Amino acid sequence: DAGVIQSPRHEVTEMGQEVTLRCKPISGHNSLFWYRQTMMRGLELLIYFNNNVPIDDSGMPEDRFSAKMPNASFSTLKIQPSEPRDSAVYFCASSPRVSQPQHFGDGTRLSIL
Amino acid sequence: AQSVTQLGSHVSVSEGALVLLRCNYSSSVPPYLFWYVQYPNQGLQLLLKYTSAATLVKGINGFEAEFKKSETSFHLTKPSAHMSDAAEYFCAVSERNSGAGSYQLTFGKGTKLSVIP
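Residues numbered from 1 in each chain as written. Chains lettered and ligands numbered in written order. Predicted model: local features only at pLDDT ≥ 70, side-chain atom pairs only at ≥ 80, totals over all residues. Heavy atoms only, no water.

Participant: How do you make sense of the overall build of chain B when you look at a structure like this?
Facilitator: Across its full length, chain B holds zero helices and eleven strands. Secondary structure elements in chain B, listed N-terminal to C-terminal, are β-β-β-β-β-β-β-β-β-β-β. Radius of gyration (C-alpha) of chain B: 14 Å, near the 13 Å computed for a compact globule of 117 residues. A buried classification covers 44% of the 117 residues belonging to chain B. When contacts within chain B are restricted to residue pairs at least 6 apart in sequence, long-range pairs at least 24 apart make up 57% of them. Total accessible area on chain B is roughly 5,700 Å²; 53% of this is exposed by carbon and sulfur atoms. Charged side chains of chain B number 9 positive and 7 negative; the gap between the two group centres comes to 6 Å. (Helix = DSSP H or I, 4+ residues; strand = E, 2+ residues; numbered from the N terminus. Rg over C-alpha atoms; globule rule 2.2 N^0.38 Å. Buried < 20%, exposed > 50% of the residue type's maximum accessible area, 1.4 Å probe, protein only. Contact = heavy atoms within 4.5 Å. Areas by Shrake-Rupley, 256 points an atom, 1.4 Å probe, with all protein chains shown as cover. Lys, Arg positive; Asp, Glu negative; His and termini not counted. Charge placed at Lys NZ, Arg CZ, Asp CG, Glu CD.)

Participant: Explanation requested: empty space enclosed by the protein in the structure shown.
Facilitator: In this approach the atoms are scanned with a rolling probe the size of a water molecule, which exposes any empty space left behind. Scanning the entire structure with this criterion turns up one cavity of 30 Å³ or more. Empty space within the largest cavity amounts to approximately 50 Å³. Its residues placed into classes, the lining of the largest cavity shows seven nonpolar, four polar and no charged. (1 Å grid on protein atoms, 1.4 Å probe; cavity = no way out; pocket = protein on both sides within 12 Å on 5 of 7 lines; lining within 4 Å. Points joined across faces, edges and corners; volume = space filled by probe spheres on them. Nonpolar A, V, L, I, M, F, W, Y, C, P; charged D, E, K, R; others polar.)

Participant: I'm lost on the layout of surface pockets in this one. Help?
Facilitator: Approximately 610 Å³ is the volume found for the largest pocket. Lining the largest pocket are 27 residues, with A:Gln37, A:Met39, B:Gln38, B:Glu88 and B:Lys112 sitting closest to its centre. Breaking the lining of the largest pocket down by element, the ones donating at least two residues are β4 (31-38), β9 (88-95) and β11 (108-112) of chain A together with β9 (87-97) of chain B. For the lining of the largest pocket, the class distribution of residues is eight nonpolar, twelve polar and seven charged. Volume-wise, the second largest pocket comes out at about 300 Å³.

Participant: Before we go on, may I ask you to explain the state of the cysteines in this structure?
Facilitator: Disulfide: a covalent bond formed between the sulfur atoms of two cysteine residues. The full count for this structure, using the stated rule, is two disulfides over all chains. The disulfide partner of A:Cys23 is A:Cys92, and the S-S distance across this bridge is 1.9 Å. One quick way to see it: the torsion about the S-S bond of A:Cys23 and A:Cys92 is about -70 degrees, and its sign makes the bridge left-handed. Within this pair, whereas A:Cys23 is found in strand β3 (residues 19-24), its partner A:Cys92 is found in strand β9, the two being separated by 69 residues in sequence. Overall, A:Cys92 belongs to the buried group, its relative accessible area being 0%. Sulfur-sulfur distance for the disulfide between B:Cys23 and B:Cys91 comes to 2.0 Å. Judged by the sign of its S-S torsion, about -65 degrees, the bond between B:Cys23 and B:Cys91 is left-handed. (Disulfide = S-S within 2.5 Å.)

Participant: Teacher, can you tell me more about the environment of B:Ser3 here?
Facilitator: Residues and elements named next belong to chain B. Among the structural elements, Ser3 can be located in strand β1 (residues 3-7). On the accessibility criterion, Ser3 (32% relative accessible area) is partly exposed. For the pair formed by Ser3 and Ser26, sequence separation is 23 residues and the distance between their alpha carbons is 5.2 Å. Apart from residues no more than four positions distant in its own chain, Ser3 is found in contact with Asn24, Tyr25, Ser26 and Val93. In terms of polar contacts, Ser3 uses its side chain to reach the side chain of Ser26, at 2.7 Å. (Polar contact = N/O pair within 3.5 Å; in protein donor to acceptor, adjacent residues only side chain to side chain.)

Shown next as structure tokens:
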């Protein structure tokens, strides 16, 4: 049974470029979460979706960040334009329902030069 | 608003010794509580969860945690540490945000566990 799949695993790009992170949740899971992890701030919830609808995006740092979930099997997190302070590991997680334990992907390690 | 405090960002124990990782939470309603483990270069994996059933919860890899409402604590323990337990551990609390009709999930800052041979 495949877990949460994130791509790419690593991304290195120059500041100002657009970055798109992708996530495929576990089939049948109705809730999807995007997190950012840094040494300084720990694990931060950016946004979560329930049945493909964004429910809480209060953690999205600023307008440069956007997330979409066009269907139940795919979500993207986009940063445009990217800045060095966006460097972090970004995790996607999914759960059967929003109150239930989450299953995490292996993350995307993003470096903005 | 809910919050999670993990006491000690780094904990070192000898192999075979007791593991105790502390977690205190604040929540205005009975919460769901979780412990996750993160190995290097991996995502978080669920160790165990409390969802208002038994107060002593058993998880994978010999870990367990006890929910103590009076102390607002959910400490993680393991009787005997193994080298493979070296990882970072996160406590998390989830409660329903009645006004917004959504769930708010908050993670602690994490505790890195080192196991000394």
